[in-house]
Amino acid sequence: MKQGIVALVLAAGQGTRFKSERIKVLHKIMGKSMLQLVVDCVQKLKPEKIYIVVGYQKNEVIREISSPYVNFIFQQHQLGTAHAVLASRKFLKTEKEKDVLIINGDLPVIAPETLKSLLTFHRREGNCMTFMSAELDNPEGFGRLIRCENNVIRIIEEKDATPAQKKIKRINVGVYVCRIEDLLQALPKISNQNKKGEYYLTDVVEVISLQDKKTGVYKTSRPEEVLGINTRLEMAKAAELLRDRKIKALTDDGVTIYDPKNTWIDLDVRIGMDTIIYSSVIVEGNTRIGNSCQLFPFVHLINSRVGNRVKIFSSTFIEESIIEDDAKVGPFAHLRPKTVIRSGAKVGNFVEMKNTTFGPRSKAGHLTYLGDCEVEQDVNIGAGTISCNYDGFKKYKTYIEAGAFIGSGTELVAPLRIGKKAYIGAGSTITKDVKAEALAVERATQVEKPGWTKRKKKK
């Protein structure tokens, strides 16, 4: 785009119909807030500046959208969309030779290609102002587009529309492109004489067209993208559209997803070629998954890194952890934050690890807890092993050196070091360091009392 453009995102209103103590635009869809999705979309147009109008819960909004490319404008009283733009007047005056793209912060599904098409149309037609419209089978909640005499265009908000006007299916989306100089001249002429007592930005359309300045309507060919979020159900519909878009992009890049409708993959997730995703898998946050992996049903990953050729078996939960190449995890395993599974290691069913590095080719087959442990390569952890890392006040580390063998039912009381190739006898409670290649056994003497059962019954 040769002509300069700035972007103005409206995000000051609470969104009362959404019924939440948290401002509507900060509610997340597929790992990102609605507002962040809109900002990400706008950034792909490469505007010279992005302004966000904030008001309700402004500090929370600023923290969520912390970016050097974004400038914030405070609207002290939320008196309507035109009032929000008016709050930006001081900033827009410095850009008055340019166009401004104005978009509501609750349009998370809209795609950059759609906005690019709007800009192209606006400039090709030489319009002073262009706004986006769509035709919907159910236009409830949207302003209706009305053409009057002498090419005057009006947008009637639903609360102010007559029964006949409510039947109109052509609606205003809430996305505008306007010459800043003309916009600033039109804003003071807007009235709040309507049922809500607000200053509507939609009235700018009529004001500018009455001035005999060229006003255009761009009808989008993608009406599914104009879904504004006012209710939780509408947010769920938006999530479905974004999920379908994400899954299509992954499958186009060589990922197999067997059951798209029952798979949830956040927008920032990256997955390598030839990886297979089974039904009911959830992958959230900034998770990265390599090539040729397999994620079996009911696997759930959050902000984790997975290497190549990794198998994660059913009903495994992994959060903020790293799994290196050729490892196997699950089923029914739980990797808590700061866990690292080295290449070729195996973590089996009902194993939980936290803040633990588990060495190459080491194995923990089942029913084990390892917390705050450093485990080197080729270590075998027997069933029922527990690292006792917390004394009620402080947590301590357990070190298990290469080739060690930990027998079943062992309790490792930290701080502790198990030497290289040492053996721990099953059922032991180990409280002292074990030297390399030593055998450590700690058990109470077995006592047997003949006839004890009969005597108990007589009592």
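Up top is the structure.
Notes on the structure follow. All figures in this text were calculated on a predicted structure; none of them were measured in a lab.

## Observations regarding unusual backbone geometry
Here is step 1: The step from Gly330 to Pro331 runs through a cis peptide bond, and the omega angle for that step is 5°.
Here is step 2: As for its position among the elements, Pro331 is in the loop between strand E24 (328-329) and strand E25 (334-335).
Here is step 3: One non-glycine residue, Gln57, lies in the positive phi region at around 50°.
Here is step 4: Within the element layout of this structure, Gln57 appears in the loop between strand E4 (49-54) and helix H2 (58-64).
Here is step 5: Non-glycine residue Asp274 carries a positive phi angle of around 70°.
Here is step 6: With respect to the element layout, Asp274 can be found in the loop between strand E14 (270-271) and strand E15 (276-277).

## Points about the environment of Lys28
Here is step 1: Here Lys28 is to be found in strand E2 (residues 28-29).
Here is step 2: In sequence terms Lys28 and Ala239 are 211 residues apart; their C-alpha atoms lie 9.4 Å from each other.

## Points about the side chain of Thr339
Here is step 1: Structurally, the position occupied by Thr339 is in the loop between E25 and strand E26 (340-341).
Here is step 2: The exposure class of Thr339 is buried, given its relative accessible area of 1%.
Here is step 3: Here the side chain of Thr339 touches Asn355 through a polar contact of 3.4 Å, landing on its backbone nitrogen.
Here is step 4: The contact partners of Thr339, leaving out residues within four places of it in the chain, are Glu320, Ser321, Ile322, Met353, Lys354, Asn355 and Thr356.

## Some remarks on the packing of aromatic side chains
Here is step 1: Throughout the structure, instances matching the rule amount to 7 aromatic pairs.
Here is step 2: Their ring planes at 50° and their centres at 5.7 Å tell us that Tyr51 and Phe91 sit as a pair that is tilted. With Tyr51 in strand E4 and Phe91 in helix H4 (residues 89-93), the pair connects residues that are 40 residues apart, well separated along the chain.
Here is step 3: Given a relative accessible area of 4%, Tyr51 falls into the buried group.
Here is step 4: The interplanar angle of 10° and the centroid separation of 5.1 Å between the aromatic rings of Phe332 and Phe350 together place this pair among those described as stacked. Of the two residues, Phe332 is situated in the loop between E24 and E25 and Phe350 in strand E27 (residues 346-354); the sequence distance between them amounts to 18 residues.
Here is step 5: The rings of Tyr258, Tyr278, Phe296 and Phe313 are connected pair by pair, giving a single aromatic cluster.
Here is step 6: Positioned above the aromatic ring of Tyr390, the side-chain terminus of Lys395 is 5.8 Å from the ring centre.
Here is step 7: Over the face of the ring belonging to Tyr399 we find Arg417, whose NZ or CZ atom lies 4.5 Å from the ring centre.

## Focus: helix H8 (residues 202-210)
Here is step 1: Listing the buried residues of H8 in full gives Thr202, Val204, Val205, Val207, Ile208 and Ser209.
Here is step 2: Those residues of H8 that are buried are in contact with strand E7 (129-135), strand E9 (153-156), strand E10 (170-179), helix H7 (180-186) and strand E11 (215-219).
Here is step 3: Of the residues trailing H8, Asp212 is marked for its positive phi of about 60°.

## Let's talk about the side chain of Thr410
Here is step 1: Here Thr410 shows up in the loop between strand E34 (405-406) and strand E35 (411-413).
Here is step 2: For Thr410, the side chain forms a polar contact with the main-chain oxygen of Gly407, separated by 2.6 Å.
Here is step 3: Here Thr410 is in contact with Gly384, Thr385, Ile386, Ile424, Gly425, Ala426, Gly427, Ser428 and Ile430, once residues within four sequence places are set aside.

## Focus on the environment of Val42
Here is step 1: In this fold, Val42 is placed in helix H1 (residues 34-43).
Here is step 2: Through-space distance from the C-alpha of Val42 to that of Met273 is 29 Å; in sequence the pair is 231 residues apart.

## Some thoughts on the sheet that holds strand E33 (residues 398-400)
Here is step 1: An order of E14-E17-E20-E23-E26-E28-E30-E33-E36 is seen for the 9 strands of this open sheet, with the pairing classed as parallel. Whereas interior strands pair on both sides, the edge strands pair on one side only; in this sheet they are E14 and strand E36 (416-418).
Here is step 2: Across 2 bridges, strand E20 (residues 305-306) lies against strand E23 (residues 322-323) in parallel orientation. In the strand pairing of E23, Arg305 is matched with Ile322.

## Notes on the pairing of E7
Moving residue by residue along a regular strand, the side chains alternate between the two faces of the sheet.
Here is step 1: Where burial is concerned, most of E7 is hidden: 6 out of the 7 residues are buried.
Here is step 2: Across 6 bridges, the pairing between E7 and E10 is antiparallel. Bridge assignment links Ser133 to a residue of E10, and that residue is Asn172.
Here is step 3: Here E7 runs beside E11; their pairing, made up of 5 bridges, is parallel. Paired with Met129 across the strands is Thr215, a residue of E11.

## Examining the environment of Tyr200
Here is step 1: Considering the arrangement of structural elements, one finds Tyr200 in the loop between H7 and H8.
Here is step 2: Taking C-alpha positions, Tyr200 is 5.6 Å from Gly80, a pair spaced 120 residues apart along the chain.
Here is step 3: Those residues in contact with Tyr200 that lie beyond four places of it in its chain are Thr81, Ala82, Glu157, Asp160, Ile190 and Asn194.
Here is step 4: Among the polar contacts listed, one links the side chain of Tyr200 to the side chain of Asp160, at a separation of 3.5 Å.

## Quick word on a positive patch on the surface
Here is step 1: On the surface, Lys44, Lys46, Lys116 and Arg270 cluster together into a positively charged patch.
Here is step 2: Mapped onto the elements, Lys46 comes out in the loop between H1 and E4.

Conventions and cut-offs
- Residues numbered from 1 in each chain as written.
- Predicted model: local features only at pLDDT ≥ 70, side-chain atom pairs only at ≥ 80, totals over all residues.
- Heavy atoms only, no water.
- Helix = DSSP H or I, 4+ residues; strand = E, 2+ residues; numbered from the N terminus.
- Buried < 20%, exposed > 50% of the residue type's maximum accessible area, 1.4 Å probe, protein only.
- Polar contact = N/O pair within 3.5 Å; in protein donor to acceptor, adjacent residues only side chain to side chain.
- Contact = heavy atoms within 4.5 Å.
- Phe/Tyr/Trp six-rings, centres within 6.5 Å; stacked < 30°, edge-to-face > 60°.
- Lys NZ or Arg CZ within 6 Å of the ring centre and 35° of its normal.
- Pairing = 2+ DSSP bridges.
- Patch = residues over 30% accessible without salt bridge, like charges linked within 9 Å, V, L, I, M, F, W, Y side chains within 5 Å.
- Areas by Shrake-Rupley, 256 points an atom, 1.4 Å probe, with all protein chains shown as cover.
- Salt bridge = Lys/Arg side-chain N within 4 Å of Asp/Glu carboxyl O.
- Lys, Arg positive; Asp, Glu negative; His and termini not counted.
- Charge placed at Lys NZ, Arg CZ, Asp CG, Glu CD.

Keep in mind that these numbers describe shape and distance, not what the molecule does.
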